[in-house]
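Below are the chains, spelled out letter by letter.
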Amino acid sequence: MRTSLLLLPALLCLLVMTSTAQEKTDSAAIARIMDEGMNRSQVMDLLSTMTDVYGPRLTWSPEYAQAAHLAVKRLGELGLSNAHIESAEPLGRAWTLQRYSANVIGKRNFPLISFPKAWSPGLKTVGEIVFLDAETDSALETYRGKLAGKFIMLDQPRKVKAHFEPEATRDADSSLLDLANADDPANRRGGRRRFEMTPEMKLRALVNYHKIQLAEKEGAAGFLTVSRGDGGNIFVQGASAPNHPDTPFAKRVSVYEPKAPKILPQIVVGAEHYNRLVRLIRKGERPELEINLEVAFGKVDSLYNIIAEIPGTDLADEVVMLGGHFDSWHGGTGATDDATGCAAAIEALRSKAHEVGLA
(Lines give C-alpha, C1' and ligand atoms only; values in the text may rest on other atoms or scores of the structure.)
Protein backbone atom coordinates (compact mmCIF):
# COMPACT_ATOMS: atom_id res chain seq x y z
CA MET A 1 0.00 0.00 0.00
CA ARG A 2 1.11 3.55 -0.70
CA THR A 3 -0.17 6.36 1.50
CA SER A 4 0.04 9.95 0.31
CA LEU A 5 -0.46 13.03 2.45
CA LEU A 6 -1.87 15.89 0.45
CA LEU A 7 -2.38 19.08 2.44
CA LEU A 8 -4.19 21.38 0.05
CA PRO A 9 -4.48 25.13 0.61
CA ALA A 10 -8.15 25.27 -0.28
CA LEU A 11 -9.60 21.76 -0.54
CA LEU A 12 -10.45 18.99 1.90
CA CYS A 13 -10.16 15.61 0.29
CA LEU A 14 -10.30 11.99 1.38
CA LEU A 15 -10.02 9.42 -1.38
CA VAL A 16 -9.70 5.69 -0.91
CA MET A 17 -9.08 3.35 -3.84
CA THR A 18 -9.44 -0.33 -3.00
CA SER A 19 -8.98 -3.59 -4.80
CA THR A 20 -11.96 -5.74 -5.80
CA ALA A 21 -10.28 -8.67 -4.06
CA GLN A 22 -11.08 -9.20 -0.40
CA GLU A 23 -8.15 -8.13 1.77
CA LYS A 24 -7.17 -9.81 4.99
CA THR A 25 -7.26 -7.60 8.07
CA ASP A 26 -3.97 -7.41 9.97
CA SER A 27 -5.38 -7.08 13.48
CA ALA A 28 -1.93 -6.99 15.07
CA ALA A 29 -0.81 -4.07 12.89
CA ILE A 30 -4.01 -2.17 13.65
CA ALA A 31 -3.49 -2.75 17.37
CA ARG A 32 0.07 -1.40 17.19
CA ILE A 33 -1.09 1.72 15.31
CA MET A 34 -3.86 2.33 17.84
CA ASP A 35 -1.48 1.84 20.75
CA GLU A 36 0.96 4.37 19.31
CA GLY A 37 -1.76 6.91 18.63
CA MET A 38 -3.57 6.52 21.94
CA ASN A 39 -0.58 6.28 24.27
CA ARG A 40 2.28 8.19 22.61
CA SER A 41 0.46 10.74 20.48
CA GLN A 42 2.35 13.83 19.32
CA VAL A 43 -0.70 15.49 17.77
CA MET A 44 -1.17 18.21 20.42
CA ASP A 45 2.47 19.28 20.25
CA LEU A 46 2.25 19.52 16.45
CA LEU A 47 -1.06 21.37 16.64
CA SER A 48 0.40 23.86 19.13
CA THR A 49 3.39 24.51 16.87
CA MET A 50 1.18 25.08 13.85
CA THR A 51 -1.21 27.44 15.66
CA ASP A 52 0.62 29.04 18.60
CA VAL A 53 4.02 29.43 16.96
CA TYR A 54 3.17 29.87 13.27
CA GLY A 55 -0.37 31.16 13.75
CA PRO A 56 -2.51 32.32 10.83
CA ARG A 57 -1.70 30.77 7.45
CA LEU A 58 -3.46 33.10 5.04
CA THR A 59 -3.36 31.84 1.45
CA TRP A 60 -0.31 33.16 -0.48
CA SER A 61 1.13 34.78 2.67
CA PRO A 62 4.71 34.35 3.95
CA GLU A 63 3.21 32.83 7.10
CA TYR A 64 1.60 30.10 5.02
CA ALA A 65 4.90 29.35 3.28
CA GLN A 66 6.76 29.17 6.61
CA ALA A 67 4.21 26.77 8.09
CA ALA A 68 4.29 24.70 4.89
CA HIS A 69 8.06 24.28 5.15
CA LEU A 70 7.57 23.24 8.78
CA ALA A 71 5.12 20.55 7.67
CA VAL A 72 7.53 19.27 5.00
CA LYS A 73 10.35 19.12 7.56
CA ARG A 74 8.15 17.23 10.04
CA LEU A 75 7.01 14.75 7.38
CA GLY A 76 10.61 14.12 6.35
CA GLU A 77 11.59 13.50 9.97
CA LEU A 78 8.85 10.87 10.15
CA GLY A 79 10.58 8.92 7.40
CA LEU A 80 8.03 9.65 4.68
CA SER A 81 9.40 9.82 1.17
CA ASN A 82 9.09 12.54 -1.45
CA ALA A 83 8.11 15.21 1.08
CA HIS A 84 7.92 18.44 -0.88
CA ILE A 85 5.99 21.59 -1.71
CA GLU A 86 4.26 21.80 -5.06
CA SER A 87 3.04 24.99 -6.73
CA ALA A 88 -0.60 25.23 -7.76
CA GLU A 89 -3.05 27.72 -9.22
CA PRO A 90 -4.48 30.30 -8.91
CA LEU A 91 -2.00 33.13 -8.40
CA GLY A 92 -2.64 35.63 -5.63
CA ARG A 93 -1.12 38.57 -3.77
CA ALA A 94 0.55 37.98 -0.42
CA TRP A 95 -0.82 40.01 2.51
CA THR A 96 0.27 40.22 6.14
CA LEU A 97 -1.31 42.10 9.04
CA GLN A 98 1.53 43.76 10.94
CA ARG A 99 -0.24 45.98 13.46
CA TYR A 100 -3.79 47.03 14.25
CA SER A 101 -5.50 49.18 16.84
CA ALA A 102 -8.81 51.05 16.77
CA ASN A 103 -10.24 53.40 19.40
CA VAL A 104 -13.51 55.31 19.48
CA ILE A 105 -13.04 58.94 20.50
CA GLY A 106 -16.01 60.80 21.96
CA LYS A 107 -17.60 61.64 25.29
CA ARG A 108 -16.39 58.22 26.41
CA ASN A 109 -13.38 56.72 24.67
CA PHE A 110 -13.13 52.96 24.28
CA PRO A 111 -11.16 50.42 22.21
CA LEU A 112 -13.30 49.16 19.36
CA ILE A 113 -13.83 45.40 19.19
CA SER A 114 -12.94 44.94 15.54
CA PHE A 115 -10.56 43.37 13.04
CA PRO A 116 -9.44 44.31 9.51
CA LYS A 117 -10.40 42.15 6.55
CA ALA A 118 -7.61 40.37 4.68
CA TRP A 119 -6.10 42.29 1.74
CA SER A 120 -7.38 45.55 3.18
CA PRO A 121 -4.95 48.45 2.60
CA GLY A 122 -3.26 50.11 5.55
CA LEU A 123 -4.33 53.36 7.18
CA LYS A 124 -3.37 55.62 10.07
CA THR A 125 -5.80 58.47 10.74
CA VAL A 126 -8.64 59.86 12.85
CA GLY A 127 -12.03 60.38 11.23
CA GLU A 128 -15.67 60.84 12.10
CA ILE A 129 -17.88 57.74 12.00
CA VAL A 130 -20.95 58.08 9.76
CA PHE A 131 -23.86 55.62 9.84
CA LEU A 132 -25.01 55.42 6.23
CA ASP A 133 -28.65 54.82 7.14
CA ALA A 134 -30.05 54.48 3.63
CA GLU A 135 -32.16 51.64 2.30
CA THR A 136 -32.96 53.28 -1.03
CA ASP A 137 -31.01 55.29 -3.60
CA SER A 138 -33.12 58.38 -2.86
CA ALA A 139 -32.23 58.18 0.83
CA LEU A 140 -28.58 57.73 -0.11
CA GLU A 141 -28.63 61.04 -1.98
CA THR A 142 -29.00 62.89 1.36
CA TYR A 143 -25.42 61.86 2.22
CA ARG A 144 -23.84 63.13 -0.97
CA GLY A 145 -20.99 65.55 -0.29
CA LYS A 146 -20.70 64.53 3.37
CA LEU A 147 -18.43 61.45 3.33
CA ALA A 148 -14.89 62.70 2.65
CA GLY A 149 -12.46 61.44 5.28
CA LYS A 150 -15.23 59.65 7.19
CA PHE A 151 -15.51 56.04 8.31
CA ILE A 152 -18.68 54.65 6.76
CA MET A 153 -20.92 52.17 8.60
CA LEU A 154 -22.53 50.17 5.78
CA ASP A 155 -24.82 47.76 7.66
CA GLN A 156 -27.96 48.16 9.69
CA PRO A 157 -27.58 47.23 13.40
CA ARG A 158 -28.02 43.55 14.09
CA LYS A 159 -30.22 42.10 16.82
CA VAL A 160 -28.18 40.14 19.34
CA LYS A 161 -30.05 37.29 20.97
CA ALA A 162 -29.40 35.80 24.40
CA HIS A 163 -27.66 32.41 24.38
CA PHE A 164 -29.81 30.17 26.54
CA GLU A 165 -28.92 26.93 24.76
CA PRO A 166 -25.50 25.20 24.77
CA GLU A 167 -23.20 26.46 22.03
CA ALA A 168 -22.35 22.91 20.99
CA THR A 169 -23.52 19.36 21.57
CA ARG A 170 -21.81 16.03 20.98
CA ASP A 171 -23.36 13.75 18.37
CA ALA A 172 -24.27 10.24 19.45
CA ASP A 173 -22.53 7.32 17.76
CA SER A 174 -25.76 6.47 15.96
CA SER A 175 -25.96 9.99 14.48
CA LEU A 176 -22.36 9.80 13.30
CA LEU A 177 -23.08 6.46 11.67
CA ASP A 178 -26.07 7.93 9.84
CA LEU A 179 -23.90 10.81 8.61
CA ALA A 180 -21.17 8.42 7.48
CA ASN A 181 -23.66 6.35 5.48
CA ALA A 182 -25.56 9.31 4.02
CA ASP A 183 -25.65 9.83 0.27
CA ASP A 184 -23.79 12.68 -1.36
CA PRO A 185 -26.37 15.51 -1.57
CA ALA A 186 -25.34 15.98 -5.20
CA ASN A 187 -26.65 12.50 -5.98
CA ARG A 188 -30.08 13.08 -4.49
CA ARG A 189 -33.09 13.97 -6.59
CA GLY A 190 -32.79 17.54 -7.76
CA GLY A 191 -29.07 17.74 -6.96
CA ARG A 192 -27.62 20.77 -5.24
CA ARG A 193 -29.91 23.74 -5.09
CA ARG A 194 -28.56 26.91 -6.62
CA PHE A 195 -28.74 29.94 -4.34
CA GLU A 196 -30.96 32.65 -5.74
CA MET A 197 -31.46 36.12 -4.32
CA THR A 198 -34.95 37.37 -3.56
CA PRO A 199 -36.04 40.73 -5.01
CA GLU A 200 -35.56 42.29 -1.57
CA MET A 201 -32.05 40.90 -1.32
CA LYS A 202 -31.20 42.17 -4.82
CA LEU A 203 -32.44 45.66 -3.89
CA ARG A 204 -30.34 45.75 -0.71
CA ALA A 205 -27.27 44.50 -2.62
CA LEU A 206 -27.73 47.18 -5.28
CA VAL A 207 -28.14 49.99 -2.72
CA ASN A 208 -25.08 48.71 -0.85
CA TYR A 209 -23.12 48.75 -4.10
CA HIS A 210 -24.15 52.36 -4.63
CA LYS A 211 -23.13 53.19 -1.04
CA ILE A 212 -19.64 51.87 -1.73
CA GLN A 213 -19.43 53.73 -5.03
CA LEU A 214 -20.43 57.04 -3.39
CA ALA A 215 -18.03 56.60 -0.45
CA GLU A 216 -15.11 55.77 -2.74
CA LYS A 217 -15.88 58.66 -5.08
CA GLU A 218 -16.00 61.16 -2.20
CA GLY A 219 -12.79 59.89 -0.57
CA ALA A 220 -14.08 58.19 2.57
CA ALA A 221 -11.48 56.83 4.99
CA GLY A 222 -12.82 53.28 5.17
CA PHE A 223 -15.77 50.97 5.72
CA LEU A 224 -17.14 49.41 8.92
CA THR A 225 -19.37 46.34 8.72
CA VAL A 226 -21.08 44.35 11.46
CA SER A 227 -19.80 40.89 12.39
CA ARG A 228 -22.14 37.93 12.27
CA GLY A 229 -20.72 36.79 15.61
CA ASP A 230 -21.57 38.14 19.04
CA GLY A 231 -20.36 37.90 22.62
CA GLY A 232 -17.14 39.61 21.55
CA ASN A 233 -16.53 37.12 18.73
CA ILE A 234 -15.66 38.49 15.31
CA PHE A 235 -16.01 36.54 12.09
CA VAL A 236 -13.62 38.08 9.59
CA GLN A 237 -12.54 36.93 6.14
CA GLY A 238 -11.35 38.78 3.06
CA ALA A 239 -12.06 42.29 1.86
CA SER A 240 -14.18 42.66 -1.24
CA ALA A 241 -13.84 44.65 -4.42
CA PRO A 242 -16.91 46.55 -5.60
CA ASN A 243 -18.78 44.28 -8.02
CA HIS A 244 -22.23 45.04 -9.37
CA PRO A 245 -24.78 42.55 -7.95
CA ASP A 246 -25.65 41.39 -11.47
CA THR A 247 -22.05 40.37 -12.18
CA PRO A 248 -21.81 36.53 -12.29
CA PHE A 249 -19.70 35.19 -9.44
CA ALA A 250 -17.27 33.56 -11.87
CA LYS A 251 -16.52 36.97 -13.39
CA ARG A 252 -16.24 39.00 -10.20
CA VAL A 253 -12.90 40.57 -9.32
CA SER A 254 -11.26 39.45 -6.08
CA VAL A 255 -8.98 41.64 -3.99
CA TYR A 256 -6.16 39.09 -4.01
CA GLU A 257 -5.93 38.93 -7.80
CA PRO A 258 -2.75 40.33 -9.40
CA LYS A 259 -4.65 43.18 -11.06
CA ALA A 260 -7.14 43.84 -8.26
CA PRO A 261 -8.49 47.41 -8.12
CA LYS A 262 -7.67 49.78 -5.28
CA ILE A 263 -10.12 49.58 -2.40
CA LEU A 264 -10.73 51.40 0.87
CA PRO A 265 -9.77 49.80 4.20
CA GLN A 266 -12.47 47.42 5.44
CA ILE A 267 -13.02 46.68 9.13
CA VAL A 268 -15.37 44.15 10.74
CA VAL A 269 -16.83 45.37 14.06
CA GLY A 270 -18.22 43.23 16.86
CA ALA A 271 -22.03 43.33 16.87
CA GLU A 272 -22.32 44.87 20.34
CA HIS A 273 -19.94 47.72 19.54
CA TYR A 274 -21.42 48.26 16.08
CA ASN A 275 -24.88 48.57 17.60
CA ARG A 276 -23.55 50.94 20.26
CA LEU A 277 -22.09 53.22 17.60
CA VAL A 278 -25.43 53.29 15.78
CA ARG A 279 -27.22 54.24 19.00
CA LEU A 280 -24.70 56.99 19.75
CA ILE A 281 -25.06 58.51 16.29
CA ARG A 282 -28.85 58.35 16.45
CA LYS A 283 -28.67 60.29 19.72
CA GLY A 284 -26.82 63.09 17.96
CA GLU A 285 -23.28 62.14 19.02
CA ARG A 286 -20.44 62.38 16.49
CA PRO A 287 -17.90 59.73 17.55
CA GLU A 288 -14.56 59.51 15.79
CA LEU A 289 -12.40 56.50 15.03
CA GLU A 290 -8.67 56.58 15.69
CA ILE A 291 -7.14 53.77 13.68
CA ASN A 292 -3.66 52.41 13.05
CA LEU A 293 -3.67 49.66 10.45
CA GLU A 294 -0.28 48.50 9.17
CA VAL A 295 -0.17 45.82 6.49
CA ALA A 296 2.36 44.43 4.03
CA PHE A 297 1.55 43.31 0.50
CA GLY A 298 3.93 40.81 -1.07
CA LYS A 299 4.62 39.50 -4.53
CA VAL A 300 2.08 37.59 -6.56
CA ASP A 301 2.75 33.89 -6.08
CA SER A 302 1.20 30.46 -6.53
CA LEU A 303 -0.52 28.30 -3.97
CA TYR A 304 1.49 25.53 -2.30
CA ASN A 305 0.39 21.95 -1.84
CA ILE A 306 2.29 19.86 0.71
CA ILE A 307 2.85 16.27 -0.38
CA ALA A 308 4.55 13.22 1.14
CA GLU A 309 4.24 9.45 0.71
CA ILE A 310 4.63 6.12 2.43
CA PRO A 311 5.55 3.76 -0.45
CA GLY A 312 3.56 0.54 -0.60
CA THR A 313 4.53 -3.05 -1.27
CA ASP A 314 1.86 -5.62 -2.16
CA LEU A 315 -0.69 -2.95 -3.19
CA ALA A 316 1.81 -0.54 -4.71
CA ASP A 317 -0.50 0.26 -7.62
CA GLU A 318 -3.26 1.52 -5.30
CA VAL A 319 -3.47 4.79 -3.41
CA VAL A 320 -4.94 5.95 -0.13
CA MET A 321 -5.06 9.73 -0.08
CA LEU A 322 -5.38 11.56 3.23
CA GLY A 323 -5.31 15.31 3.77
CA GLY A 324 -6.95 18.59 4.60
CA HIS A 325 -6.70 22.24 3.66
CA PHE A 326 -3.68 23.89 5.24
CA ASP A 327 -4.49 27.57 4.89
CA SER A 328 -6.54 29.64 7.33
CA TRP A 329 -7.94 33.11 7.77
CA HIS A 330 -5.87 35.77 9.52
CA GLY A 331 -8.22 36.55 12.42
CA GLY A 332 -7.08 33.61 14.55
CA THR A 333 -4.49 30.88 14.72
CA GLY A 334 -6.38 28.56 12.38
CA ALA A 335 -6.83 25.82 14.98
CA THR A 336 -10.10 24.56 13.51
CA ASP A 337 -9.36 26.00 10.06
CA ASP A 338 -7.99 23.33 9.50
CA ALA A 339 -4.92 22.76 11.70
CA THR A 340 -6.76 20.08 13.69
CA GLY A 341 -7.50 18.11 10.53
CA CYS A 342 -3.95 18.47 9.19
CA ALA A 343 -2.39 17.60 12.56
CA ALA A 344 -4.63 14.53 12.82
CA ALA A 345 -3.62 13.45 9.31
CA ILE A 346 0.08 13.87 10.09
CA GLU A 347 -0.34 12.02 13.40
CA ALA A 348 -2.09 9.16 11.58
CA LEU A 349 0.85 8.93 9.21
CA ARG A 350 3.30 9.14 12.10
CA SER A 351 1.57 6.22 13.82
CA LYS A 352 1.63 4.23 10.58
CA ALA A 353 5.26 5.15 9.93
CA HIS A 354 6.14 4.00 13.45
CA GLU A 355 4.33 0.70 12.89
CA VAL A 356 6.29 -0.07 9.70
CA GLY A 357 9.58 1.07 11.20
CA LEU A 358 10.04 4.37 9.36
CA ALA A 359 9.88 6.57 12.47
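These notes cover the structure that comes with them. For clarity, every value in this text was computed on a predicted model and none was experimentally measured. (Residues numbered from 1 in each chain as written. Predicted model: local features only at pLDDT ≥ 70, side-chain atom pairs only at ≥ 80, totals over all residues. Heavy atoms only, no water.)

To locate leftover empty space, one rolls a probe as large as a water molecule over the atoms. Scanning the model with the defined rule gives one cavity of 30 Å³ or more in all. What the largest cavity holds in volume is close to 50 Å³. Around the largest cavity sit Q42, V43, L46, R74, L78, A343, I346, E347 and R350, which together line it. When residues in the lining of the largest cavity are grouped by element, the largest group, four residues, is from helix α8 (residues 335-355). By residue class, the composition of the lining of the largest cavity is five nonpolar, one polar and three charged. (1 Å grid on protein atoms, 1.4 Å probe; cavity = no way out; pocket = protein on both sides within 12 Å on 5 of 7 lines; lining within 4 Å. Points joined across faces, edges and corners; volume = space filled by probe spheres on them. Helix = DSSP H or I, 4+ residues; strand = E, 2+ residues; numbered from the N terminus. Nonpolar A, V, L, I, M, F, W, Y, C, P; charged D, E, K, R; others polar.)

For the rest of this paragraph, the subject is the side chain of E347. Along the chain, the position of E347 falls in helix α8. In contact with E347, not counting residues within four places along its chain, are G37, S41, Q42 and V43. (Contact = heavy atoms within 4.5 Å.)

Let us now look at helix α7 (residues 271-282). For α7, built from 12 residues, the straight-helix expectation of 16 Å at 1.5 Å per residue is met to within 8% by its first-to-last C-alpha distance of 16 Å. Lining the buried residues of α7 we find β3 (81-105), β4 (110-111), β6 (123-131), β7 (151-153), β8 (222-226) and β9 (266-269). G284 sits one or two positions beyond α7 and adopts a positive phi of about 95 degrees. (Expected span 1.5 Å × (residues − 1).)

Turning our attention to the packing of helix α1 (residues 27-39) against α8. At their nearest, the axes of α1 and α8 sit 9 Å apart, and the two run at 125 degrees to each other. By the angle class used here, α1 and α8 are oblique. α8 is crossed by α1, and the crossing has right-handed handedness. Residues A29, R32, I33, E36 and G37 of α1 pack against E347, R350, S351, K352, H354 and E355 of α8. (Axes fitted to C-alpha atoms, helices over the stretch in contact; angles between N-to-C directions. Parallel < 35°, antiparallel > 145°, perpendicular 65-115°, else oblique. Left-handed = near helix turned anticlockwise from the far one by under 90°.)

Summarising the element assignment, V300 is placed in strand β10 (residues 288-310). You can call V300 partly exposed: its relative accessible area is 36%. For the pair V300 and G92, spaced 208 residues apart in sequence, the C-alpha separation works out to 5.2 Å. Contact partners of V300, with chain neighbours within four places excluded, come to L91, G92, R93 and P258. (Buried < 20%, exposed > 50% of the residue type's maximum accessible area, 1.4 Å probe, protein only.)

The next thing to look at is the pattern of salt bridges. Using the criterion set out here, one finds 13 salt bridges in the structure. The shortest N-O distance in the salt bridge between E77 and R74 comes to 3.9 Å. Here E77 pairs with R74, and both are found in helix α3 (residues 62-77), just three residues apart, close to one helical turn. With its nearest N and O atoms 3.4 Å apart, the salt bridge here joins K352 to E355. Separated by three residues within a single helix, K352 and E355 lie in helix α8, roughly one turn from each other. Using a relative accessible area of 17% as the deciding quantity, one classes E355 as buried. A network of salt bridges, in which partner residues are shared, links D35, E36, R40, E347 and R350. (Salt bridge = Lys/Arg side-chain N within 4 Å of Asp/Glu carboxyl O.)

Time to look at the nonpolar core. Generally speaking, soluble globular proteins have nonpolar side chains that are buried together. Grouped together as the largest cluster of nonpolar side chains are 33 residues, with contacts concentrated most on L112, M153, L224 and L289. Those elements that place two or more of their residues in this core are β3, β6, β7, β8, β9, α7 and β10. In contact with L112, other than residues within four places in its own chain, are A102, N103, V104, V269, H273, L277 and L289. (Core = buried A, V, L, I, M, F, W, Y, C linked by side-chain atoms within 4.5 Å.)

Our next topic: the packing of aromatic side chains. Taken as a whole and judged by the stated rule, the model has six aromatic pairs. Ring centres of W119 and W329 lie 6.4 Å apart, and the angle between their planes is 85 degrees; this geometry places the pair in the edge-to-face category. Here the residue W119 occupies a position in the loop between β5 (114-116) and β6, and W329 occupies one in the loop between β11 (319-322) and α8, the gap between them amounting to 210 residues. The class for W119 is buried, based on a relative accessible area of 4%. For W329, a relative accessible area of 31% corresponds to the partly exposed category. An aromatic cluster of three or more residues is present, and its members are W60, W119, Y256 and W329. Over the face of the ring belonging to F249 we find R252, whose NZ or CZ atom lies 4.3 Å from the ring centre. (Phe/Tyr/Trp six-rings, centres within 6.5 Å; stacked < 30°, edge-to-face > 60°. Lys NZ or Arg CZ within 6 Å of the ring centre and 35° of its normal.)

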